[in-house]
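Structural features, examined
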Amino acid sequence: MTVFLGGPPALILAAVAPLPEGVSELLLGSLVLGDKLAMARRPGAPHALVAQAEFALVGHVPPGERRPEGPFGDHYGYYSLRHPYPVFHCDRVWRRRDAIYPATVVGKPRQEDYYIGEYLQRLLAPLFPLVMPSVADLWTYGETGFHALAGAVVRERYGREAMAAAFRILGEGQLTLTKFLLATDAPRDLRDFKGLLEHILARFRPESDLYVFANLSMDTLDYTGPAVNEGSKGVMLGLGKPVRDLPGEWSGEPPPGTREPRVFCPGCLVVGGPSFAEDTAFAARLAREPTLAAWPLVVLCDRPASAAATPTNFLWTTFLRFEPAADIHARQIDVRRNHIRYQSPIVIDARMKPSYPAELFARPEIARRVEQRWREYFPAGGVAMGSSDLGHLAP
């Protein structure tokens, strides 16, 4: 195995691109670069080396050997836990003269990986309809680590064709890691998440348009499932014409047992309540609260004012703290024709669970050091970062 560090930015982008199986990252790197990627042969190197890489680590990975790794701060905004992973034995290192070791900062979005992922989506978006003809547009949300949520505009030429498109998305490459999918048949700007959610909630029929699939694989870094790499998926459809007028404000007292009700968008109410450790069944009872009957979607979380403040906060708080099979509740649930039928409101329990890893926060002394030395790091200027921004950085 040869591991390359650094090199042309096009290669760094290509290395994380969700390419189909069998398509070379080196090929995509050359296409983005606009020229053939320069390679070099060296005695003792089993592979051609990327000529402009900063470092090339050459070694081997013995089959079956595992060692524990972690915990680490990761791009989901939490600490990934300790798990056994394959072991890379480095036998030799090549480097450029005056090589620079590339590094980045990970933590709560948005960080550098967010912008890399967003650029790749814009680059590859025209290919999705070619690979999946029933999908007109597709977007995954970097605020959720990309894998936790996707939105799609699908073609609905006959009844329920949207689900055929949903299955196609959930079966394509890295998209198989998608935890929750929102789909509509109307042209929408999928990057406007708040507008997309409002559009879907106005058309969403919970008895027929919500699907939950349990006992499936899930992203290794998503700890909302019952065990590592295990979890579930959900699909919510919003098709055709509106079926309801959405409430746009909350008036009166909070629902019993809740606090700080906030409207994220018309049709979606965010509320706080007791912690999950204090009352594990509260979300199920909340779904039967009569005052919530007009709201198609209610999100129960620990810090509702913060969660509803911005789309970034809502996406991160909601979709990285619930698992469809375990944390979706409804006023009534029954089975007809082997299909689970839900009655609104749908309540998502996005409270922190005791099994979840710790949330990432920057150490205060690190935040102060960056603030003090910002002009030293960026003498030409740049946007100064306050403590609130640095709170989103991993230690």
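Every value quoted in this text rests on a predicted model; they were computed, and no experiment measured them.

The number of helices and strands found in the protein chain is 14 helices and 19 strands. A compact globule built from 395 residues should have a C-alpha radius of gyration of about 21 Å, and the protein chain, at 23 Å, falls within 12% of that. Counting only C-alpha atoms, the protein chain reaches 75 × 55 × 45 Å along its principal axes. Buried positions account for 47% of the 395 residues belonging to the protein chain. Counting only contacts in the protein chain whose residues sit at least 6 apart along the sequence, the fraction spanning at least 24 positions is 68%. Put simply, the protein chain shows about 19,800 Å² of open surface, and 55% of that area lies on carbon and sulfur atoms. Seen as two clouds, the 43 positive and the 43 negative side-chain charges of the protein chain have centres 2 Å apart.

Turning our attention to the pairing of strand E19 (residues 339–349). Within a regular strand, side chains alternate between the sheet's two faces. Note that strand E17 (residues 297–301) and E19 share 4 bridges and pair parallel. Counterpart to Val298 in the pairing with E19 is Val347. Alignment of strand E18 (residues 328–336) against E19, held across 8 bridges, turns out to be antiparallel. The partner of Gln332 across the bridge, within E19, is Gln343. Connecting E18 to the antiparallel partner E19 that follows it, the hairpin turn spans 2 residues, and Arg337 within it adopts a positive phi of roughly 55°.

The next point concerns the nonpolar core. Residues Phe180, Phe193, Leu197, Cys268, Phe314 and Phe319 are the most contacted members of the largest nonpolar core, which totals 40 residues. Each residue touching Phe314, except ones within four places of it in the same chain, is listed here: Phe193, Leu197, Phe264, Cys268, Val270, Val299, Ala307 and Phe319. Core analysis: the next-biggest nonpolar cluster, separate from the first, contains 21 residues, Ala125, Val135, Ile169 and Leu170 among them.

Pairing is mixed across the open sheet formed by 5 strands, whose spatial order is E15-E16-E17-E19-E18. Each having just a single partner strand, strand E15 (259–265) and E18 make up the two edges of the open sheet. The mean angle between the axes of side-by-side strands here comes to 25°, regardless of whether they run parallel or antiparallel. Here helix H6 (residues 193–203) sits on the sheet and contacts E15, strand E16 (268–272) and E17; the angle it forms with E15, its principal contact strand, is near 90°.

To continue, consider unusual backbone geometry. In this chain, Pro109 is followed by Arg110 through a cis amide linkage whose omega measures 10°. Relative to the helices and strands, Arg110 is located in the loop between strand E9 (89–95) and helix H3 (112–124). In this structure, Pro345 follows Ser344 across a cis peptide bond, with omega equal to 10°. Mapped onto the secondary structure, Pro345 falls in strand E19. Despite not being glycine, Asp98 shows a phi value in the positive range, around 55°. What makes Asp98 exposed here is its relative accessible area of 67%. Of note, the phi angle at Arg337 is positive, near 55°, even though the residue is not glycine.

In this structure the tally under the stated criterion is 15 aromatic pairs. Ring plane angle 35° and centroid distance 6.0 Å describe the contact between Phe193 and Phe314, whose orientation is recorded as tilted. One end of the pair, Phe193, is in helix H6; the other, Phe314, is in helix H10 (residues 311–319), with 121 residues separating them in the sequence. Owing to a relative accessible area of 2%, Phe193 belongs among the buried residues under this scheme. On the basis of relative accessibility, which here comes to 1%, the residue Phe314 falls in the buried class. Between Phe264 and Phe314, the aromatic rings sit 4.0 Å apart at their centres with planes inclined by 5°, giving stacked as the arrangement.

Rules of the game
- Residues numbered from 1 in each chain as written.
- Predicted model: local features only at pLDDT ≥ 70, side-chain atom pairs only at ≥ 80, totals over all residues.
- Heavy atoms only, no water.
- Helix = DSSP H or I, 4+ residues; strand = E, 2+ residues; numbered from the N terminus.
- Rg over C-alpha atoms; globule rule 2.2 N^0.38 Å.
- Buried < 20%, exposed > 50% of the residue type's maximum accessible area, 1.4 Å probe, protein only.
- Contact = heavy atoms within 4.5 Å.
- Areas by Shrake-Rupley, 256 points an atom, 1.4 Å probe, with all protein chains shown as cover.
- Lys, Arg positive; Asp, Glu negative; His and termini not counted.
- Charge placed at Lys NZ, Arg CZ, Asp CG, Glu CD.
- Pairing = 2+ DSSP bridges.
- Core = buried A, V, L, I, M, F, W, Y, C linked by side-chain atoms within 4.5 Å.
- Axes fitted to C-alpha atoms, helices over the stretch in contact; angles between N-to-C directions.
- Phe/Tyr/Trp six-rings, centres within 6.5 Å; stacked < 30°, edge-to-face > 60°.

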